[in-house]
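Take a look at the letters that make up each chain.
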Amino acid sequence: MTRISMTVDGVRYDDDVEPRTLLVQHLRDRLGKVGTVVGCDTSNCGACTVLLSGRSVKACSILAVQADGADVTTIEGLAGDGGELHPVQAAFHEQHGLQCGFCTPGMIMAAVDLLTENSEPTDAEIREGLEGNLCRCTGYQNIVRAVRAAAESMRTSVPSTPESAEAAEAGSRQGVTT
């Protein structure tokens, strides 16, 4: 057994794991993060995508010991403290970017990473950014529409952190918008 520590959805966990334990198994079986779906166990479908230190990874292709010391965000960790949906989650709901829902957690996590890197992606860039995530139901049109809507929402939303709200307020006093 190997001792690991990681922060998952803002909570620190210290656990002893078998060195061969996949991150997806650890998240689901030990930590109860069942929104991280096991789709193919071969890293082909992307259903198990999570954010590892802010970057999307397929949790079935990472060992839990490789996440030692890292911050992991699962689909459960995206929603705000009051239960409000993350803009990408809300856009998937509003734009019907899901059908059976199996691929949705991975699609959303990959989209969050994409929009962190590129706040105004073209449809082609959205498709490329989601390339490693498969949907067998939707044909992707509504998924692309949802990511585009989320990008717009995230660009035009009111700052949510005290620091960014203060910066926006200071900027407005100086005639600058953020």
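Overview of the structure. (Residues numbered from 1 in each chain as written. Predicted model: local features only at pLDDT ≥ 70, side-chain atom pairs only at ≥ 80, totals over all residues. Heavy atoms only, no water.)

Quick notes on the overall build of the protein
Operational definition: Here a helix means four or more residues in a row that DSSP labels H or I, a strand means two or more in a row labelled E, and each is numbered from the N terminus. Partly exposed residues are those whose accessible area sits between 20% and 50% of the maximum for their type, while under 20% is buried and over 50% is exposed, using a 1.4 Å probe and protein chains only. The contact criterion used is simple: two residues touch if any of their non-hydrogen atoms lie within 4.5 Å. To measure how exposed things are, a 1.4 Å probe is used in the Shrake-Rupley method; for residues, cover is taken only from the protein chains shown.
The helix and strand inventory of the protein stands at 6 helices and 5 strands. Scanning the protein from its N terminus toward the C terminus, one meets helices and strands in the order β-β-α-β-β-β-α-α-α-α-α. Counting all 178 residues of the protein, 40% fall into the buried class. Restricting to contacts in the protein with at least 6 residues of sequence separation, those with at least 24 account for 56%. Summed over all atoms, the accessible surface of the protein reaches about 9,600 Å², with 47% contributed by carbon and sulfur.

Considering the pairing of strand E4 (residues 55-58)
Filter applied, for reference: Two strands form a pair only when DSSP identifies at least two bridges running between them.
As paired strands, strand E3 (residues 49-52) and E4 are joined by 4 bridges and run antiparallel to one another. Each bridged residue has a counterpart across the sheet, and for Val 50 the counterpart in E4 is Val 57. In this structure, the hairpin formed by E3 and E4 is closed by a connection of 2 residues, where Ser 53 is found at a positive phi of approximately 50°.

A short note on the nonpolar core
Note the cut-off: Nine residue types can take part in a nonpolar core, namely buried Ala, Val, Leu, Ile, Met, Phe, Trp, Tyr and Cys, and a core is a set of them joined through side-chain atoms within 4.5 Å.
Counting 24 residues, the largest nonpolar core has Val 88, Phe 92, Met 107, Ile 108, Leu 130 and Val 147 as the members making the most contacts within it. If you list the elements that add at least two residues to this core, you get helix H2 (87-94), helix H3 (104-117) and helix H5 (141-156). Within the second largest apolar cluster, 20 residues are counted, among which are Val 8, Val 57, Ala 67 and Val 72.

Digging into the side chain of Thr 36
With respect to the helices and strands, Thr 36 occurs in the loop between helix H1 (23-30) and E3. Beyond its immediate sequence surroundings of up to four residues, Thr 36 is in contact with Val 24, Leu 27, Arg 28, Cys 48, Val 50, Ala 59, Thr 74, Ile 75 and Glu 76.

A few points about the pattern of salt bridges
Here is the rule we go by: For this analysis, a salt bridge means a side-chain nitrogen from Lys or Arg found within 4 Å of a carboxyl oxygen belonging to Asp or Glu.
Summed over all chains, the structure comprises 8 salt bridges. In this structure, Asp 15 and Arg 30 form a salt bridge, with 2.9 Å as the shortest nitrogen-oxygen distance. Here Asp 15, found in strand E2 (residues 11-17), pairs with Arg 30, found in helix H1; they are 15 residues apart in sequence, far enough to count as distant. Arg 30 gets classed as partly exposed once you look at its relative accessible area, which sits at 48%. Here Arg 155 ties to Glu 152 by a salt bridge, and the two come within 2.5 Å at their closest N and O atoms. Here Arg 155 and its partner Glu 152 are both found in helix H5, 3 residues apart, which amounts to about one turn of the helix.

A closer look at the side chain of Thr 104
Inspection of the secondary structure assignment puts Thr 104 in helix H3. Thr 104 gets classed as buried once you look at its relative accessible area, which sits at 8%. Once residues lying within four places of it in the same chain are set aside, the contact partners of Thr 104 are Phe 92 and Leu 98.

What to know about H2
Looking at H2, one finds that the buried residues are Val 88, Gln 89, Ala 90, Ala 91 and Phe 92. Lining the buried residues of H2 we find H3 and H5. Just downstream of H2 lies His 96, where phi reads positive at about 55°.

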